[in-house]
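# Commentary on secondary and tertiary structure
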Amino acid sequence: MSDIDAVSASGYEAWIDSQFVKPQSFHLPPVTAYLNTLPAASQRGQTAFQWSIWKNFATGEDALRQRVAFALSEIFVVSLNSSIAFSYPRGPAQYLDQLGTHAFGNYRNLIDAVTYSPMMGLYLSHLRNQKENPATGAVPDENYGREVMQLFTIGLYELNQDGTQKLDIRGKLIETYGNSDVSSMGRIFTGLSWAGPDTANNRFSGGGNPVDPDKEIKPMQAYNQYHSISQKQFLGVTIPATTVADANGDIRIALDRLFNHPNVGPFIGKQLIQRLVSSNPSPDYVSRVAGVFNNNGSGVRGDMKAVIKAILLDPEARAAPVGTGTRGKVREPAVRLVHWMRSFNARSTDGRFLYGTSSDPATQLGQSPMYAPSVFNFFRPGYIPPNSRVGAAGLLAPEMQITNETSMAGYLNYMRGVVNAGIGTRGTNNALDIQADYSAELALANNPDLLVDRVNLLLVGGNLSSATRTLIRNGIASVNIGTANPNADLRNRVNLAIFMTMATPEYLFQQ
């Protein structure tokens, strides 16, 4: 409620500006502190990072930074559903911190940080990537070289500034890159491996003496003896063959070319709109955001603050909900849970938010931050539900890729328990660690109209339809306040008001 009051008092832009200067809530320090309490042999896994994710998402004063960092984690995917989860207990926390840091920086620096991240290097296999070997026929791994184009910067097809696809003179889509570009990019991203005090061969392979204890949280470094010196031609750029390998120099040229490609503004701008505002932004909306990406008004390209402000303050984002049409998006399951935590000031008895993953679609949410099933995220930005009215209308619904009968039943059953009893690890007195503070709602529970209006404001921005509001109001009123245990009856009314609201189409579809 305090955030709603702050926005009401200052206006949207002033609130966004205030968020830009909030200190960042980091994940790495609490993760490191927890690991230091464990014997060295037990310092594995992601337990403390899972706790930190929920804590910072739910309580961080830098709510906007945390939200944008989560959105970026769904574009620059490094998933803990991989080999990195067990053996690198600090790396993923540092990676998400890095996304948060650059969320309000410049996109060029963001893609540089992602490229040199050892967690990304492990996930997309360009850590320890070696130059070609004509004698054996070995060629460089092309995984990162392809994905940095396809997923992180320019996409598959050439775009107009408004995000629509360009066509050639035959009416065909124009591919942004081909196999030769991928091969050259594969050669460019050779020669990177773990940080350390030297660039010896055994350190490149994972050894070294001494091993840098912080290698999982430091940027990868160049080992030029493993970097390709062959000619690289990509996207109209040629790096000539040479006798002196320069991995960092070649990577800089490649990232500069990608960053300055005209596709980046509409490609990334549209995806950020989809993650934050609407699944089907109009071409004009995308064009306005891409225009700001290209030039923030002061001649700077890639200014993320300007881009975020353009997304959130656009007339299409700020227009009143209409209930129909193309605006809005399905609210992600993990965002729903964090929304509940923030709306009702959920706090951890332990202080660390002792809650792990929520990935089971049948019994939980079907989504855990940083646990995407693949590099393509939990859902694709162009996903269209098959055999649906959305599809028939030619609309996108990315989040519907993880929304189905099973996941919705799982969500509702799970949230009924969460709203009633909290969430997390059980502590003393068998209570769950994370508990909401319903004191303000309990104070209104004798009056169903006031209670439903407060929950409506907190969860739906006051946008419940009249019919839905009446249903919830009558449901609340049906709970009699008896004399045997009136406090329990009042609590039941609050639980019912919140649970029913979080089950409504007005809540699940964010406008």
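Residues numbered from 1 in each chain as written. Predicted model: local features only at pLDDT ≥ 70, side-chain atom pairs only at ≥ 80, totals over all residues. Heavy atoms only, no water.

### Notes on the pairing of strand 8 (residues 432-435)
Where strand 6 (residues 347-348) lies against strand 8, two bridges are found, and the strand directions are antiparallel. Paired with Ser348 across the two strands is Ile434, which belongs to strand 8. One ladder, built from two bridges, connects strand 7 (residues 423-426) with strand 8; its direction is antiparallel. Of the residues in strand 8, the one forming a bridge with Arg426 is Leu432. If you look at the hairpin formed by strand 7 and strand 8, you'll find five residues sitting between the two strands, and Asn429 has a positive phi there, around 60°. (Pairing = 2+ DSSP bridges. Helix = DSSP H or I, 4+ residues; strand = E, 2+ residues; numbered from the N terminus.)

### Some remarks on the packing of aromatic side chains
Aromatic ring pairs are defined here through the distance separating the ring centres and the angle between the ring planes. The final tally for this structure, using the stated rule, is 15 aromatic pairs. Centroid distance Phe20 to Phe104: 4.8 Å. Interplanar angle 75°. Geometry classified as edge-to-face. With Phe20 in helix 2 (residues 12-20) and Phe104 in the loop between helix 7 (91-103) and helix 8 (107-116), this pair connects stretches of sequence that are 84 residues apart. For the pair formed by Phe20 and Phe104, the shared burial category is buried. Between Phe204 and Tyr223, the ring centres sit 5.3 Å apart and the planes meet at 70°, which makes this aromatic pair edge-to-face. Taken together, the residues span a long stretch of sequence, with Phe204 in helix 12 (residues 201-204) and Tyr223 in the loop between strand 2 (221-222) and strand 3 (232-234) at a distance of 19 residues. The two residues Phe204 and Tyr223 agree in class, both being buried. Joined through ring pairs, the aromatic side chains of Phe76, Tyr107, Tyr144, Phe152, Phe189, Phe259 and Phe293 make up one cluster. Directly above the aromatic system of Tyr12 lies the positively charged group of Arg318, at a separation of 3.9 Å from the ring centroid. Across from the ring centre of Tyr411, 4.4 Å away, lies the NZ or CZ of Arg336, which sits over that ring. (Phe/Tyr/Trp six-rings, centres within 6.5 Å; stacked < 30°, edge-to-face > 60°. Buried < 20%, exposed > 50% of the residue type's maximum accessible area, 1.4 Å probe, protein only. Lys NZ or Arg CZ within 6 Å of the ring centre and 35° of its normal.)

### Here's the deal with unusual backbone geometry
Across the junction of Asn209 and Pro210, the peptide omega takes the value 5°, indicating a cis bond. The residue Pro210 is located in the loop between helix 12 and strand 2 in this model. Unusually for a residue other than glycine, Asn345 sits at a positive phi of about 45°. By relative accessible area, Asn345 is classed as partly exposed at 43%. Phi is positive for Asn377, which is not a glycine, with a value near 75°. With respect to the helices and strands, Asn377 occurs in the loop between strand 6 and helix 19 (389-392).

### What about the packing of helix 10 (residues 143-150) against helix 11 (residues 179-188)?
It is at 7 Å that the axes of helix 10 and helix 11 come closest, and there the two elements cross at 120°. Of the possible angle classes, the one that applies to helix 10 and helix 11 is oblique. In the packing of helix 10 onto helix 11, the handedness of the crossing is right-handed. Every residue of helix 11 that contacts helix 10 at Gly145, Arg146, Val148 and Met149 is listed here: Asp181, Val182, Met185 and Gly186. Grouping the amino acids of the contact of helix 10 with helix 11 by side-chain chemistry returns four nonpolar, two polar and two charged. (Axes fitted to C-alpha atoms, helices over the stretch in contact; angles between N-to-C directions. Parallel < 35°, antiparallel > 145°, perpendicular 65-115°, else oblique. Left-handed = near helix turned anticlockwise from the far one by under 90°. Contact = heavy atoms within 4.5 Å. Nonpolar A, V, L, I, M, F, W, Y, C, P; charged D, E, K, R; others polar.)

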